[in-house]
Amino acid sequence: MLTTLTRLAFICSLFSSVFVFSADSASTSTESSASQATISPISNYQLPEWFYRELTSIQKDVSVLDATGASKEQIQELKERVGKVEVRLEETQFRIEGRLSEQSGRIGDIADSNSFSIALFAVIVGVLGTLIAVITIINSWKANREAVANAKEVASKKLTEWTAEKEKELTEEFSQKLKNLSEKHDKEFQKIRDNAEEQAFDNDINEAYSLANNKRIDDALRRINGVIRSTQNKELLNHQKVNAKALLFKGLIFDGDSQLDKEIKTYEDLIALYKGSSDLDIQMYVARAYMNKGITLGQLDRSEDELAVYDELLERFQASVDPSIQELVAKALINKGARLGQLDRSEEALSVYDELLERFQASADPSIQEPLVRALINKGVTLGQLD
């Protein structure tokens, strides 16, 4: 827009200068209308009207003098008129040239002013363009910096979230593994401790039994009672096994000292505590407690109580497939049959022997073979007694 305004001002100034020049040229003429002139212009600018009129008058006078003849005075007069015209023409020319020089100066000033304005405008435009470019670069740099900062912030946030999540996962996984490992080690250590403790209890039980064999019954009972106290009312299976074993061996100590009532009471305590256990080792101790109780009752001539204990043992363990318990079941049948025979209940005794033979005749277990042989012998003896 500034360039357009500058150009418009320049054109207006130029037209104004031309207009002034035309007006000044017209003001130098003091003669009548240019329609009376018949001489063509001789220069690149318009001559004044008085010059044409004066020249036309001189031509007419010269024509008259050529026709009538001219005197020296007339010729001299014409020369003087021509000289005046030349002088006046030169003055007019000088004045016109001065006007032209003045207008040229004005035009030059205008041109210089326009050149300066254009140059100034160009400088301003350049400065503005540079400023705009700088501002654009700065804004672009700031925008890029903000974008990078935002991207870094988002990336940092995502990284923090991812790190926290992974840290949580790893922590939970590590904690779980550590927990599992700790539980495993605790179980192993507990097993070692239990084994060591169980071994110590076994040593005490064996020591008590050895003392009993050496007739040191009080020392034996003191040692075995220490084991029973240490393992009673315990939820650990190993302690229950040790406690049941200690009770069984305590009963055997009483048996060796002929304290049969105490022996029977000890077996009853064992049965009452562990008859509901599903552990095979403990069930073995319970079965042996039944068997020993029945034998001890027989020693006390409490035959009916003895038979009742055998029946209880047979009912409780008849479905067992454990070889050690099956051996006790077979022995319980033999003892029951023998006691029935002693009570002259031969038919019942034969029925018991038949039950034993039917149940175990297919067994190849060596521990069962002896009860089978004894059952056959006792059955034969009983049949002989019945003729």
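Residues numbered from 1 in each chain as written. Predicted model: local features only at pLDDT ≥ 70, side-chain atom pairs only at ≥ 80, totals over all residues. Heavy atoms only, no water.

*Asks:* Any chance you could explain the overall build of the protein here in plain terms?
*Replies:* Looking only at helices and strands, the protein features eleven helices and zero strands. Put simply, the protein runs from its N terminus to its C terminus through helices and strands in the order α-α-α-α-α-α-α-α-α-α-α. By sequence separation, contacts in the protein at least 24 residues apart represent 57% of the contacts at least 6 residues apart. For the protein, the computed accessible surface area is about 25000 Å², with 55% contributed by carbon and sulfur atoms. (Helix = DSSP H or I, 4+ residues; strand = E, 2+ residues; numbered from the N terminus. Contact = heavy atoms within 4.5 Å. Areas by Shrake-Rupley, 256 points an atom, 1.4 Å probe, with all protein chains shown as cover.)

*Asks:* What's the story with the layout of surface pockets in this structure? I'm lost.
*Replies:* Where empty space is left can be seen by rolling a probe of water-molecule size over the atoms. Taken as a whole, the second largest pocket holds about 220 Å³ of empty space. Looking at the second largest pocket, it is lined by twelve residues, and the ones nearest its centre are I228, Q232, N243, L247 and L273. Residue contributions to the lining of the second largest pocket peak at four residues, all from helix α6 (residues 260-274). Of the residues assigned to the lining of the second largest pocket, the class counts are four nonpolar, five polar and three charged. (1 Å grid on protein atoms, 1.4 Å probe; cavity = no way out; pocket = protein on both sides within 12 Å on 5 of 7 lines; lining within 4 Å. Points joined across faces, edges and corners; volume = space filled by probe spheres on them. Nonpolar A, V, L, I, M, F, W, Y, C, P; charged D, E, K, R; others polar.)

*Asks:* Sorry, what's going on with the nonpolar core here?
*Replies:* What tends to happen in soluble globular proteins is that the nonpolar side chains get buried as a cluster. Ranked by internal contacts, the top residues of the largest apolar core, which has 55 residues, are I224, I253, V286, F317, V329 and F360. Not counting residues up to four positions away in its chain, the partners in contact with I224 are I205, A208, A246, F249, K250 and I253. (Core = buried A, V, L, I, M, F, W, Y, C linked by side-chain atoms within 4.5 Å. Buried < 20%, exposed > 50% of the residue type's maximum accessible area, 1.4 Å probe, protein only.)

*Asks:* Sorry if this is basic, but what is going on with unusual backbone geometry here?
*Replies:* What you tend to see is this: most non-glycine residues have negative phi, and most peptide bonds are trans. Of note in this structure, D301 is not a glycine but carries a positive phi near 60°. Looking at the secondary structure, you find D301 in the loop between α7 (280-299) and α8 (303-317).

*Asks:* Which parts of the structure should I look at to understand the side chain of K245?
*Replies:* By the element assignment, K245 lies in helix α5 (residues 237-256). Side chain to side chain, K245 and D202 meet in a polar contact 3.2 Å long. Once you skip the residues sitting within four places of it in the chain, K245 turns out to touch D202, I205 and Y285. (Polar contact = N/O pair within 3.5 Å; in protein donor to acceptor, adjacent residues only side chain to side chain.)

*Asks:* What should I look at first to understand the environment of E268 in this one?
*Replies:* Turning to its location among the elements, E268 is positioned in helix α6. Remark: the alpha-carbon pair of E268 and L248, spanning 20 residues in sequence, is separated by 10.0 Å.

*Asks:* How do you make sense of the confidence of the model for the protein when you look at a structure like this?
*Replies:* A residue-level look at the protein finds 79% of positions with pLDDT of 70 or above and a mean pLDDT of 79. Element-level pLDDT for the protein is lowest in helix α1 (residues 2-27), with a mean of 44, against a maximum mean of 95 in α7. Contacts for the low-pLDDT stretch residues 2-45, under 50 throughout, to residues beyond four places or in other chains number 42 contacts. (pLDDT = per-residue confidence, 0-100.)

*Asks:* What is the right way to read the packing of aromatic side chains from this model?
*Replies:* Each aromatic ring pair is specified by the distance between its two centres and by the angle formed by the two planes. Applying the stated criterion to the full structure yields two aromatic pairs. Considering the side-chain rings of Y209 and F249, the 5.5 Å spacing of their centres and the 80° angle between planes classify their relative orientation as edge-to-face. Taken together, the positions of Y209 in helix α3 (residues 72-213) and F249 in helix α5 put the pair 40 residues apart, joining distant regions of the chain. Taking the centre distance of 6.4 Å and the plane angle of 70° together, the rings of Y290 and F317 count as edge-to-face. Here the residue Y290 occupies a position in helix α7, and F317 occupies one in helix α8, the gap between them amounting to 27 residues. For F317, a relative accessible area of 6% corresponds to the buried category. Taking NZ or CZ as reference, R316 lies 5.9 Å from the ring centre of F317, over its face. (Phe/Tyr/Trp six-rings, centres within 6.5 Å; stacked < 30°, edge-to-face > 60°. Lys NZ or Arg CZ within 6 Å of the ring centre and 35° of its normal.)

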